[in-house]
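# Examination of the molecular architecture
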Amino acid sequence: MTAQSFGFVRSLFLGRIESSAVMPFPHPDADAQETAESVAEMIREWAADAIDPDQIDRDKTISADVIEGMRELGLFGLTIPEEFGGAGCGQLAYISALEAISNRCASTVTVFAGHLGIGMKGILLYGTPEQKQMWLPALASGEQIAAFALTEACAGSDAGALRTTADPEPDGSWKLNGRKVWITNGGIASLFTVFARTPDPENPGAPLMDRPISAFVVSGSPDDLPGLSVGAPELKMGLCGSSTTEVGFEDMVIPADALLGERGQGFKVALNILNSGRHGLSACCTGQAKLARKLAVAHAKEREQFGVPIASFGMIQEMLAGMDADIYAMEASTKLTAGMIDLGRGETMLEATCCKMYATERLWDICNNALQITGGTGFMREYPYERILRDARINMIFEGTNQVLRMMMGTQGLRPLVKDLGALASDAPTLDGVREDFADERAVFESLVTTLAEKSRDVAERHGKAARNAQPDLRRLSDMAIALYVMAAVIARVSSPDATPEESELNVARLACSRLARSFQTAAAETENPDDELMAKVASEMTA
Amino acid sequence: MNIVACIKRVPMTETQAKVTADGQSLDTSGVEYMTSFYDEIAVEEAVKTKEKLGGEVTVLTIGPSDATKQIRECLAKGSDKGIILTDDAWALRDCRSTAKALAAKVQELGGEVVFAGRQATDRDNASVGPMLATYLGWACVTDVIELELEADKGVAKRESEAGVETYEFSLPAVITCQKDLNEPRYAGLKGIMAAKKKPVEEVPAAEEASQAEVVRVELPPARKEGRVVGEGPDAVEALMTALQTEAKVL
Ligand SMILES: Cc1cc2nc3c(=O)[nH]c(=O)nc-3n(C[C@H](O)[C@H](O)[C@H](O)COP(=O)(O)OP(=O)(O)OC[C@H]3O[C@@H](n4cnc5c(N)ncnc54)[C@H](O)[C@@H]3O)c2cc1C
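Residues numbered from 1 in each chain as written. Chains lettered and ligands numbered in written order. Predicted model: local features only at pLDDT ≥ 70, side-chain atom pairs only at ≥ 80, totals over all residues.

## A closer look at the overall build of chain A
Across its full length, chain A holds 18 helices and 10 strands. For chain A, the C-alpha radius of gyration of 24 Å lies close to 24 Å, the compact-globule estimate for 544 residues. Overall, the C-alpha framework of chain A stretches about 70 × 60 × 55 Å when taken along its three principal axes. When each of the 544 residues of chain A is scored for burial, the buried share is 51%. Long-range contacts, defined as pairs at least 24 residues apart, comprise 77% of the intrachain contacts of chain A with a sequence gap of at least 6. (Helix = DSSP H or I, 4+ residues; strand = E, 2+ residues; numbered from the N terminus. Rg over C-alpha atoms; globule rule 2.2 N^0.38 Å. Buried ≥ 20, exposed ≤ 12 C-beta atoms within 10 Å, placed from the backbone. Contact = placed C-beta atoms within 7 Å.)

Okay, here's the thing in structure tokens:
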């Protein structure tokens with residue numbers, strides 16, 4: 001990686017292609033790949049026998065034996081280092097596990113991701129060796145399940161507006177007060193990563209909302225956490241089996257060493273946990289998308305109308321082929337990002353964000369189409385399509401809503417240009433290492449990168465420092481960047497020296513590239529003829 | 001006890017069989033593989049035997065190097081070491097030449113009991129187990145559904161068309177495993193990680209010409225579409241007639 005590396009996605013906004021981040025496709029070593037495959041295989045075998053997703057949805061709870069099964073398999077310790085009793089696996093094994101569980105049940109994977117992806121991630125990222133020794137072994141064995149408690153009634157997307165407080169006691173301990181809402185695993189966790197405002201030692205009299213945020217770990221046995229109250233399970237549209245509850249703290253005293261990371265740096269802790277959690281979410285989406293595809297394909301082959309299987313109709317084929325291409329791209333981008341994380345190929349925050357937005361929106365479209373292909377049958381509760389659709393909806397909302405993520409990505413992408421238009425690349429960018437028969441896709445990709453840079457320059461020029469508020473433009477630029485990152489992932493995947501794709505795979509990859517280029521063009525075209533002013537006017541009048 | 005479990009790598013159950021252009025074998029392009037269903041039961045019984053009587057479990061297969069994946073799965077489920085008798089033409093071997101090569105290796109290993117599946121789910125010959133016992137000159141009980149082993153003998157129940165037979169036998173012995181014998185365990189993460197450190201050895205399989213050769217493979221004829229013979233109680237008679245005269249099953 002060169003010294004002036006911006007990160008792959010960030011550099012796209014500047015018209016640059018940092019080929020070395022994605023080429024050759026970052027496959028972890030053979031051993032890590034084999035582990036990931038074995039883990040997924042084991043989970044598939046177990047989940048098919050042990051998990052009944054329909055019953056979980058109906059009962060609105062995950063039975064104790066499913067949780068016990070996950071414990072016995074050692075899943076709760078998958079990414080926890082071996083020295084703390086875990087299996088010490090990397091990101092590739094983690095996303096493979098997520099996809100495999102999710103392929104069976106979206107509620108169950110939420111427990112797992114709530115624990116490893118966000119609940120205890122902060123301890124891995126910021127814990128001192130003593131803290132790791134104190135908390136990780138019981139988390140690895142699944143004796144304790146973890147939850148991540150950031151959101152409050154008045155602090156959703158604007159998590160920085162939280163009001164929970166932690167006040168230091170004379171003996172160094174902390175007293176927690178406040179209420180968190182919609183906490184995944186709230187009803188089954190006995191370890192919580194909690195974010196609260198702490199007094200600023202430099203400015204002890206500052207008003208509440210000016211106090212910095214710190215991160216804490218609240219841990220105990222489930223019935224021995226005095227001061228902690230857990231609300232009733234929320235009745236939800238989807239993920240009905242996963243536990244989502246309020247979590248309240250009333251004069252709850254926690255020890256001095258419950259502080260995670262530096263005092264006052266809690267917001268950074270939260271954002272970094274979410275950045276990594278987000279990547280996992282795209283693997284969950286891939287698992288459910290594959291389930292929807294499998295059902296839709298089987299139905300399309302089986303169901304006959306007008307004397308032929310409906311799979312022979314062009315409009316059904318459009319939906320089926322689109323699904324296949326999108327899932328290929330979801331997988332490519334999720335694996336690419338996992339490889340970048342495992343191999344340490346530069347930063348991955350915006351890359352993971354692209355994966356999350358792409359996968360969550362594609363999944364929504366895929367399960368909608370799966371249901372459409374299945375017709376009235378799909379609408380019946382007796383079949384899983386409606387459950388998959390209900391379960392899919394939340395993905396566009398949690399771990400950062402897709403609007404907030406677009407705002408974040410657009411703003412970050414534009415930042416260097418707002419400072420200095422000179423940051424733009426002066427030469428036409430090239431993507432190195434592409435297989436020869438993907439020269440067309442490569443040429444399209446390269447030219448679209450230049451288009452993104454031009455559009456970004458226009459927005460930066462038009463709005464200057466106010467670009468961060470030009471939301472419709474930020475959305476379009478983000479859509480373009482998402483399409484490009486995912487397209488790069490598809491091209492890198494088929495170009496991998498280790499890959500020997502057959503013609504059928506190449507066709508799927510080509511279709512994926514073409515769909516991505518089209519979605520890029522749609523977003524780019526909107527910048528030519530914006531209804532922005534008109535929309536702002538109409539919306540203002542509606543909500544006056 | 002020195003325990004050996006013999007496994008075969010077979011196409012996944014959901015594989016759609018296709019015949020090659022020459023009509024002599026199955027087209028293996030794009031086929032994914034798994035450990036044969038009954039062999040998983042054999043491996044589980046081997047590991048349970050080790051847990052009860054002590055000793056070591058060796059997983060043995062004849063196949064390509066790619067069978068390492070299946071061997072590792074068995075190691076993750078508690079076996080101790082794996083041996084692949086490599087033979088790229090493994091799929092063309094007849095039961096006899098397979099059994100003979102396995103027997104030579106079992107002898108060399110000093111095996112005291114061998115577990116195998118009752119049949120491999122690809123060819124369904126159900127012959128390698130008994131043939132292996134014959135080459136070794138050992139006791140053999142097939143289709144075992146219940147087993148009690150001691151250091152030098154055992155009692156096995158086997159399912160036959162006549163009912164359940166109970167055998168007493170002396171060791172060494174070959175046991176072929178039927179469905180109800182046990183419930184194979186899941187590997188678990190600890191097992192998967194431990195399997196990485198266990199040895200898998202590859203040695204060329206003893207050459208042994210086949211005496212039986214597949215000359216032609218055909219897919220089963222497509223099933224004829226069903227026919228509704230009538231509705232309600234009135235249909236009973238029509239159905240009986242059809243079953244007697246057309247299907248000739250009654
Ligand atoms: C099932 C479930 C599980 C959850 N699990 C957890 C958990 O384990 N831990 C936890 O801390 N939280 C959890 N949450 C909370 C979740 O992270 C929040 O719901 C999410 O961050 C959005 O906040 P909000 O719901 O308050 O929506 P709001 O922030 O009120 O957003 C409402 C709408 O406004 C849009 N919007 C908001 N701000 C902007 C902006 N600046 N620009 C443009 N549009 C904007 C949003 O995109 C959205 O469309 C969970 C929520 C659910 C439903």
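Following the structure, the description resumes.
## Quick notes on the interface of chain B and chain A
When the parts of a complex come together, some accessible area is lost, and that lost area is often used as the size of the interface. Taken together, the 11 residues of chain B in the interface contact 14 residues of chain A. Residue assignment for the side of chain B that touches chain A shows that the elements contributing at least two residues are helix H2 (68-76) and helix H5 (188-195) of chain B. No other element matches the 5 residues that H5 of chain B contributes to the side of chain B that touches chain A. Across the side of chain B that touches chain A, the residue classes tally to 6 nonpolar, 1 polar and 4 charged. (Nonpolar A, V, L, I, M, F, W, Y, C, P; charged D, E, K, R; others polar.)

## Observations regarding the confidence of the model for chain B
For residues with low pLDDT, the predicted coordinates do not support detailed interpretation. Residue and element names in this part refer to chain B. Taken over all residues, the pLDDT of chain B has a mean of 92, while the share at 70 or more is 100%. Per-element mean pLDDT across chain B ranges from 86 in helix H6 (residues 235-246) up to 98 in strand E1 (residues 2-6). Across the whole predicted complex the pTM is 0.92, and at the interface the ipTM reaches 0.86. (pLDDT = per-residue confidence, 0-100.)

## So, the domain arrangement of chain B
Partitioning chain B into domains gives domain 1 (2-204) and domain 2 (224-250). Here domain 1 of chain B and domain 2 of chain B have C-alpha centroids that lie 43 Å from each other. (Domains from an automatic or database assignment.)

## Observations concerning the nonpolar core
If you look at the biggest cluster of nonpolar residues, it comprises 229 residues, and the most contacted ones within it are Phe-216, Ala-481, Leu-484 and Val-490 of chain A together with Ala-5 of chain B. Here this core gets 16 residues from one element, more than from any other, and that element is helix H16 (residues 471-495) of chain A. In this structure Val-490 of chain A touches Tyr-328, Ala-329, Ala-332, Ala-509, Ala-512 and Cys-513 of chain A, once residues within four positions along its chain are discounted. (Core = buried A, V, L, I, M, F, W, Y, C linked by C-beta atoms within 7 Å.)

## What to know about the environment of Arg-475 of chain A
All names here are of chain A. Summarising the element assignment, Arg-475 is placed in helix H16. Along the primary structure Arg-475 and Met-408 are separated by 67 residues, whereas in three dimensions their C-alpha atoms are 9.7 Å apart. In contact with Arg-475, not counting residues within four places along its chain, are Arg-406 and Gly-410.

## Quick notes on the site of the ligand
Surveying the vicinity of the ligand reveals 20 residues, the closest of which are Gly-156, Ser-157, Thr-184, Thr-401 and Gln-403 of chain A. Of all the secondary structure elements, the ones that give two or more residues to the shell around the ligand are strand E1 (146-149), strand E3 (174-184) and helix H14 (402-419) of chain A. (Near = placed C-beta within 6 Å.)

## So, unusual backbone geometry
With omega at -15°, the peptide bond leading from Met-23 of chain A into Pro-24 of chain A counts as cis. By secondary structure assignment, the location of Pro-24 of chain A is in the loop between helix H2 (19-22) and helix H3 (30-50). Here the residue pair Leu-171 of chain B and Pro-172 of chain B is connected by a cis peptide bond, since its omega of 0° sits within 30 degrees of zero. Residues other than glycine seldom take positive phi values, yet Ala-126 of chain B does so here, at roughly 55°. Within the secondary structure, Ala-126 of chain B sits in the loop between strand E6 (113-117) and helix H4 (128-136).

## So, the sheet that holds strand E11 (residues 200-204) of chain B
All names here are of chain B. The mixed open sheet is built from 9 strands, whose spatial order is E9-E8-E7-E10-E6-E1-E4-E5-E11. Edge strands, defined here as strands with exactly one partner in the open sheet, are strand E9 (163-170) and E11. Looking at each pair of strands side by side, their axes are set apart by 35° on average, direction ignored. Judged from the 5 bridges that link them, strand E5 (residues 81-86) and E11 form a sheet pairing that is parallel. Considered in E11, the bridge of Thr-86 is made with Pro-204. Where H2 meets the sheet, its contacts fall on E1, strand E4 (56-63), E5 and E11, and the angle it forms with E5 comes to roughly 160°. Set on the sheet, H4 makes contact with E6, strand E7 (139-149) and strand E10 (173-177); between it and E7 the angle comes to about 105°. (Pairing = 2+ DSSP bridges. Axes fitted to C-alpha atoms, helices over the stretch in contact; angles between N-to-C directions.)

## So, the pairing of strand E5 (residues 213-219) of chain A
Residue and element names in this part refer to chain A. In terms of burial, E5 is a largely internal element, 7 of the 7 residues being buried. Residues of E5 alternate between two faces, with Ile-213, Ala-215, Val-217 and Ser-219 on one and Ser-214, Phe-216 and Val-218 on the opposite face, all of them buried. In this structure, strand E4 (residues 191-197) lies alongside E5, joined through 7 bridges in antiparallel fashion. By the bridge assignment, Arg-197 is partnered in E5 with Ile-213. Pairing analysis gives 2 bridges linking E5 to strand E8 (residues 259-260), with the strands arranged antiparallel. Bridge pairing in E8 places Ala-215 opposite Leu-260.

## Remarks on the domain arrangement of chain A
Domain annotation for chain A reports domain 1 (30-141), domain 2 (146-262), domain 3 (269-396) and domain 4 (416-531). For domain 2 of chain A and domain 4 of chain A, the distance between their C-alpha centroids amounts to 40 Å.

## Quick look at the pairing of strand E8 (residues 153-160) of chain B
Both faces of the sheet carry side chains from a regular strand, because those side chains alternate between them. Bridging between E7 of chain B and E8 of chain B involves 5 bridges; their strand directions are antiparallel. What sits directly across from Glu-146 of chain B, in E8 of chain B, is Lys-157 of chain B.

## So, H2 of chain B
Residues and elements named next belong to chain B. Within H2, 7 of the 9 residues are buried, which leaves it mostly tucked inside the rest of the structure. Every buried residue of H2 is listed here: Gln-70, Ile-71, Arg-72, Glu-73, Cys-74, Leu-75 and Ala-76. Taken from the residues just after H2, Gly-78 is the one with a positive phi, measuring 120°.

## Comments concerning H14 of chain A
Residue and element names in this part refer to chain A. Between its first and last C-alpha atoms H14 spans 26 Å; for 18 residues at 1.5 Å apiece the expected length is 26 Å, and the two agree. Largest kink in H14: about 35°, centred on Gly-413, with the proline Pro-416 one to four residues after it. Those residues of H14 not exposed but buried are Leu-405, Arg-406, Met-407, Met-409, Gly-410, Gly-413, Leu-414 and Leu-417. Next to the buried residues of H14 lie helix H1 (8-12), helix H12 (349-379), helix H15 (439-463) and H16. (Expected span 1.5 Å × (residues − 1). Bend = angle between axes of the 7 residues up to and from the residue.)

## Regarding the packing of helix H11 (residues 314-343) of chain A against H16 of chain A
All names here are of chain A. In the contact formed by H11 and H16, the axes pass within 8 Å of each other and the chain directions differ by 85°. Between H11 and H16, the angle falls in the class roughly perpendicular. Residue-level contacts link Tyr-328, Ala-329, Ala-332, Ser-333 and Leu-336 of H11 to Tyr-485, Val-486, Ala-489, Val-490, Ala-492 and Arg-493 of H16. For the contact of H11 with H16, the per-class residue count stands at 9 nonpolar, 1 polar and 1 charged. (Parallel < 35°, antiparallel > 145°, perpendicular 65-115°, else oblique.)

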